[in-house]
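What follows is the residue order along each chain.
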Amino acid sequence: MMPIEIGTVLYAGAIGLVVIGIAGIVLSHHLFRIILALVIAEAGANLLLVLSGFRWEAIAPIITGGGAAQTMVDPVPQAMVLTSIVIGVGVQALALSLTLRAYGAYKTLDIRELQRRMSADLAGEAGTPLPQSLEEPVGGRPLPAAEGDGR
Amino acid sequence: MNTIALTVVLPLLAAFVVPVLSRVSPLLGRLLGPLTLAYTILLTLQVWLGMEGKPFSIALGGFQPPLGINFYVDRLSLLFTFLTLVTSLLLWPWRNETEPRQYALTLLLAASACGLALSGDLFNIYVFYELISVASFGLAAATRSGAAFAASLRYLILSGLGSVLVLCGIAIVYLQTGTLNLAQLSQLAPETLNTPLGMSAFALILLGIGVKGELFPVNSWVPEVYAAASSRVSGLLAGLVSKLAVLVIVRLLVLLFQQESALQLMLILGLLGAISGELAAWRAKDMNRMLAFSSIGQLGVIFIAFSIPGETGLFAGLALSLHHLLVKPALFLLAERWRGSLAGLRGAGLASPVAGGLFVLLALSLVGMPPLPGFWAKFLLFTGLAAQQSVVYQVALGVVLLSIVIEANYLFRVVMNLFQPAGDSSVAVTTDHSWLNLGTTFLLSALLIAGMLFMGPLGTWLEGVAIQAADPVLYFDTVFSVSAIH
């Protein structure tokens, strides 16, 4: 039985978080879930960044004066992660405020519904026929209606 | 020489001063932005004349490069700084008297775009890239219609996904090399990044930054945003921001990822973008959507050009980028009064012949009619592609030719429509182009004609720019030379 190193677990966790986040963005339809999935993916990326400079045998990179020189953790990725967390928070706040505005205009948080009404709006403004969706054949689809739409 | 940093600092400062100043004095608030941009353009020209074609690097805050962040100034980055400032000034939102926020966002975009062009540090590039993103979300939503909010929200989500990918790519690069300074990376890359892991880092960064560059799988935001945003913003995003994303990718390709597989990945994505964009534009029923899709197609062609190895690729790609940067905003400005369905434009060219004539000129250059600059750019691309041995490049040659045929078909269809006498059934077309838009378009077209007249010296000069930018050894030597100290 090979012991699993903690580093491996952390790397797998970071990549897993990114994958979960991307899957959430792609698969969910509710705007709030999509934004939360984006937050999760960003957390994964940040964790990956921290891990890229971390060393288990080292101490925190603070020079305390006196004492023998010791191996320190690389401080650069930690500074970068702080920056990227701050950027992330800003972008998320912007996303929420845009969500509020879009909700105010269309009264829905379902991204497909939002997109449908948006293209209807744009087509109406331009005076063109509504773009026909390839997902919706004209004759209706021969499948039972999906359950739990618009959760 | 250090004044080049002011091209980032001054617009950034002005961006935060404008909203406050507009409350005190609306006139000063309106003038501050254009004045700042004009002054920074002068500064850029001054540096340009001072550098005498030799690249130099400045260490910000006095911290020397491997530890501190540096700006790398060669002809390519200075050219893009200059173009950024000029394009932002040309596409300045003059008419929004009531909206100082839009001035601030445009200035923010200009500042971060200059930073992106100049920066010599990978993480610094990421930060500027995010700043550009935030500014462009704000600008895309500035028309304040429901569609604009929804479109920029979808843009934001895709862009957020892109920055996660870029961050992962940066983490991999740092893990493999332990540095983020591009010059140092260029030295370490042949040993450390020439691996499958390095390749995956490139793929992540390419996809992430490609969101802004309208790269194939991550460009679904393009038609919605350009249809919902104002023409000036669409011109800015399609003309300028996409080129800066391409510039970053090209820098990384030259300095970090010289593997053949990296070039081929970009080539294939570019091919898919070119063909899908042109086909969608062919199907489009309204002006803005058609221009948006055709912009995806042309960016695909630009990616194809940059994936040719060596200076040839850089030269062809630069020529195509400059041409697109000139033509696309002009077309978007013309489309401001002609937005709406293409069928409704019947006779619009007869009603305003100047605008119709300009449209024909721009469309001809976009397709690549021989004496116009668009032809020379595409000619460079073809000779570059034909010189390559690999089958993929030969396929690319065919696909680019096909895309030109499609492009010619839909653009000439519009031109035919513009100059057909309007039937009595057609709705009254609004043809009164504002003088501001028409003037700007006229200026851009005049530049196009000037480019045609001085094609010889322009080509030689651009080739010089490409040769200088394609040299990673020069980059390293410049950053770590004694001249970096002052």
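Residues numbered from 1 in each chain as written. Chains lettered and ligands numbered in written order. Predicted model: local features only at pLDDT ≥ 70, side-chain atom pairs only at ≥ 80, totals over all residues.

Let's shift gears to the overall build of chain B. Check the secondary structure of chain B and you find 20 helices and two strands. Computed over its C-alpha atoms, the radius of gyration of chain B comes to 22 Å, within 12% of the 23 Å expected for a compact globule of 486 residues. Structurally, chain B occupies a C-alpha span of about 70 × 65 × 45 Å along its principal axes. Within chain B, the proportion of its 486 residues that are buried is 61%. (Helix = DSSP H or I, 4+ residues; strand = E, 2+ residues; numbered from the N terminus. Rg over C-alpha atoms; globule rule 2.2 N^0.38 Å. Buried ≥ 20, exposed ≤ 12 C-beta atoms within 10 Å, placed from the backbone.)

On to the packing of helix α8 (residues 196-210) of chain B against helix α11 (residues 260-283) of chain B, then. Residue and element names in this part refer to chain B. Remark: α8 packs on α11, axes separated minimally by 10 Å, with the N-to-C direction vectors making an angle of 30°. In terms of orientation, α8 lies roughly parallel with respect to α11. The interaxial crossing formed by α8 with α11 has right-handed handedness. Of the residues in α11, those touching α8 at M199, F202, A203 and L206 are S261, A262, L265 and M266. (Axes fitted to C-alpha atoms, helices over the stretch in contact; angles between N-to-C directions. Parallel < 35°, antiparallel > 145°, perpendicular 65-115°, else oblique. Left-handed = near helix turned anticlockwise from the far one by under 90°. Contact = placed C-beta atoms within 7 Å.)

Before going further, it helps to spend a moment on the interface of chain A and chain B. Quoted interface sizes are often the accessible area lost when the parts come together. Listed per partner, the contact involves 36 residues of chain A and 32 residues of chain B. Mapped onto the side of chain A that touches chain B, the elements with two or more residues apiece are α1 (6-27), α2 (31-51), α3 (75-106) and α4 (111-126) of chain A. Take the side of chain A that touches chain B: its biggest share by element is 15 residues, from α3 of chain A. Here the residues of the side of chain A that touches chain B are counted per class, giving 24 nonpolar, nine polar and three charged. (Nonpolar A, V, L, I, M, F, W, Y, C, P; charged D, E, K, R; others polar.)

Glancing now at the packing of α3 of chain A against helix α5 (residues 122-140) of chain B. In the contact formed by α3 of chain A and α5 of chain B, the axes pass within 11 Å of each other and the chain directions differ by 10°. Between α3 of chain A and α5 of chain B, the crossing angle belongs to the class labelled roughly parallel. The residues of α5 of chain B that touch α3 of chain A, namely those facing M80, T83, I87, G90, V91 and L94 of chain A, are F123, V127, E130, V134 and F137 of chain B. Residues belonging to the contact of α3 of chain A with α5 of chain B are distributed by class as follows: eight nonpolar, two polar and one charged.

One recurring pattern in soluble globular proteins is that nonpolar side chains are buried together. The biggest cluster of nonpolar side chains holds 215 residues, and the ones touching the most others in it are L108, A140, C168, V225, L244 and A319 of chain B. Considering each element in turn, this core owes the most residues, 20 residues, to helix α6 (residues 146-177) of chain B. (Core = buried A, V, L, I, M, F, W, Y, C linked by C-beta atoms within 7 Å.)

Everything listed here is a matter of coordinates, which is why it stays silent on function.
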